[in-house]
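Listed below, chain by chain, are the residues.
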Amino acid sequence: PTPVVKKRRVLLKLSGEAFGGGAVGVNPDVVSSLAREIAEGAKHVEVAIVVGGGNFFRGAELSQRGMDRGRADYMGMLGTVMNALALQDFLEQAGAETRVQSAISMTQVAEQYIPRRAERHLEKGRVVIFGAGAGLPYFSTDTVAAQRALEIDADVVLVAKNGVDGVYSDDPRTNPDAQKIHHITYLEALQRGLKVVDSTAFSLCMDNHMPMQVFGMAPEGNVTAAILGTDLGTRVSN
Ligand code: UDP
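Rules of the game
- Residues numbered from 1 in each chain as written.
- Predicted model: local features only at pLDDT ≥ 70, side-chain atom pairs only at ≥ 80, totals over all residues.
- Heavy atoms only, no water.
- Helix = DSSP H or I, 4+ residues; strand = E, 2+ residues; numbered from the N terminus.
- Polar contact = N/O pair within 3.5 Å; in protein donor to acceptor, adjacent residues only side chain to side chain.
- Contact = heavy atoms within 4.5 Å.
- Pairing = 2+ DSSP bridges.
- Phe/Tyr/Trp six-rings, centres within 6.5 Å; stacked < 30°, edge-to-face > 60°.
- Buried < 20%, exposed > 50% of the residue type's maximum accessible area, 1.4 Å probe, protein only.
- Lys NZ or Arg CZ within 6 Å of the ring centre and 35° of its normal.
- Core = buried A, V, L, I, M, F, W, Y, C linked by side-chain atoms within 4.5 Å.
- Near = heavy atom within 4 Å.
- Areas by Shrake-Rupley, 256 points an atom, 1.4 Å probe, with all protein chains shown as cover.
- Nonpolar A, V, L, I, M, F, W, Y, C, P; charged D, E, K, R; others polar.
- Axes fitted to C-alpha atoms, helices over the stretch in contact; angles between N-to-C directions.
- Parallel < 35°, antiparallel > 145°, perpendicular 65-115°, else oblique.
- Left-handed = near helix turned anticlockwise from the far one by under 90°.

Asker: Lay out the side chain of Glu111 with the relevant residues and their values.
Answerer: With respect to the helices and strands, the residue Glu111 is situated in strand S4 (residues 111-112). A distance of 2.9 Å separates polar atoms of two side chains, one belonging to Glu111 and the other to Gln101. Engagement of the side chain of Glu111 in a polar contact is seen with the side chain of His121, the distance being 3.1 Å. Beyond its immediate sequence surroundings of up to four residues, Glu111 is in contact with Arg99, Val100, Gln101, Ser102, Arg117 and His121.

Asker: So what's going on with the sheet that holds strand S9 (residues 183-185)? Residues and values would help.
Answerer: Sheet architecture is open: 9 strands sit in the order S4-S3-S5-S2-S1-S6-S10-S11-S9, paired in mixed fashion. Strands with a single pairing partner mark the edges of an open sheet, and in this sheet they are S4 and S9. As paired elements, strand S1 (residues 9-14) and strand S6 (residues 156-161) share 5 bridges and run parallel to each other. Bridge pairing in S6 places Leu11 opposite Val157.

Asker: Just give me the short version of the packing of aromatic side chains, but keep the residues and values in it.
Answerer: On inspection of all chains with the given rule, the structure shows 2 aromatic pairs. Between Tyr113 and Phe130, the aromatic rings sit 5.4 Å apart at their centres with planes inclined by 90°, giving edge-to-face as the arrangement. Remark: Phe130 occurs in strand S5 (residues 127-131) and Tyr113 occurs in the loop between S4 and helix H5 (115-123); sequence separation between them is 17 residues. The residues Tyr113 and Phe130 share a single accessibility class, namely buried. The ring centre of Tyr113 lies 3.5 Å from the NZ or CZ of Arg148, which sits over that ring. The lysine or arginine in question, Arg148, covers the ring of Phe130, its NZ or CZ lying 5.6 Å from the ring centre.

Asker: Give me the lowdown on the environment of Ala118, citing residues and values where you can.
Answerer: In this fold, Ala118 is placed in helix H5. Distance in space between the C-alpha atoms of Ala118 and Ala218 is 29 Å, their sequence separation being 100 residues. When neighbours within four sequence positions are excluded, Ala118 is seen to be in contact with Gln101, Val128 and Phe130.

Asker: Account for the nonpolar core, with residues named and values stated.
Answerer: One finds Leu12, Ile38, Ile49, Leu87 and Leu91 to be the most contacted residues of the largest nonpolar core, which totals 34 residues. Going through the elements one at a time, S1, helix H1 (16-20), helix H2 (28-41), strand S2 (46-51), helix H4 (69-93), S5, S6 and helix H9 (222-228) are the ones with two or more residues in this core. Considering every element that reaches this core, the biggest residue donor is H2, with 5 residues. With near-sequence residues (within four places) excluded, Leu91 lies in contact with Ala35, Ile38, Ala39, Ile49, Ala96, Thr98, Val127 and Ile129. Among the nonpolar cores identified, the runner-up in size contains 32 residues, and Leu11, Leu122, Ile152 and Val159 belong to it.

Asker: Please provide a residue-by-residue account of the site of the ligand, values included.
Answerer: Of all residues adjacent to the ligand, which total 22 residues, the nearest are Gly16, Gly54, Asp73, Leu136 and Thr141. Between the ligand and Gly16 there is a distance of 2.7 Å, counted from an oxygen atom to a backbone nitrogen or oxygen. In the environment of the ligand, an oxygen atom lies 3.0 Å from a nitrogen or oxygen atom belonging to the backbone of Gly53. Contact with the protein chains covers 92% of the free accessible surface of the ligand, which is 520 Å². Only H1, H4 and helix H6 (141-151) provide two or more residues apiece to the shell around the ligand. Of the residues forming the shell around the ligand, the biggest block, 3 residues, is contributed by H4. Split by residue class, the shell around the ligand holds 8 nonpolar, 10 polar and 4 charged.

Asker: I'd like a description of the packing of H2 against H4, backed by residues and values.
Answerer: Helix packing for two helices is described by the angle between their axes and how far apart those axes are. Here H2 crosses H4 at 60°, and the two axes come no closer than 8 Å. One finds that H2 runs oblique with respect to H4. H4 is crossed by H2, and the crossing has right-handed handedness. Each of Pro28, Val31, Ser32, Ala35, Ile38 and Ala39 in H2 lies in contact with H4, whose residues at this interface are Ala86, Leu87, Phe90 and Leu91. In the contact of H2 with H4, the residues fall into 9 nonpolar, 1 polar and no charged.

Okay, here's the thing in structure tokens:
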């Protein structure tokens, strides 16, 4: 039998903020350029994606303004599905084959989340987009990115950031002396309270030895480069 060469497999986390280009809703120009970069990378690497939904709703914010937290979180999850469909559309325009899997069943618009099937899609070269988070209130899409990466046996979680290009010693927007960190351990990131992703996502990766690469989406080309394995931004690992 011919030996099977395992391809690099990545889990890319895209925040909802990126989809809106800073505004509420989906900015087609932003999503299409993002999709072209992903499609380029997906010619060589197996790519699964977890999309955020902060450009529509964040459950914690809605609940602070009086809504029931669980219901608000479901609204947040539904927002991620809209982003997933937008991304699917532009990925297909860019020539990639795609599937959307949703953690909340909505059979007309997406497959259900079936991990084994997701892996088959990846092996066939399809980009798999995971929508609706974990399907559970009180979770974030960062945590879902870590969980999906583990379940589909990805090599790395790629966290694409908007407006920042890695992990800094302090908030670079408020402290001009903040230094970019090239490599940091999960333990140190947690102890120092560095909030690049939430602590649940960090600890899930730490406990299961899943490395993370945090990088900036700009300039153009970075997303493709990160997918292909360029050491951009900050590496977080054990
Ligand atoms: N959400 C949730 N459970 C999940 C994933 C997401 O309840 O498993 C909700 C939560 O309300 C969150 C919103 O969906 O605020 C949007 O996701 P997130 O804030 O992670 O998106 P991002 O910040 O990446 O745009």
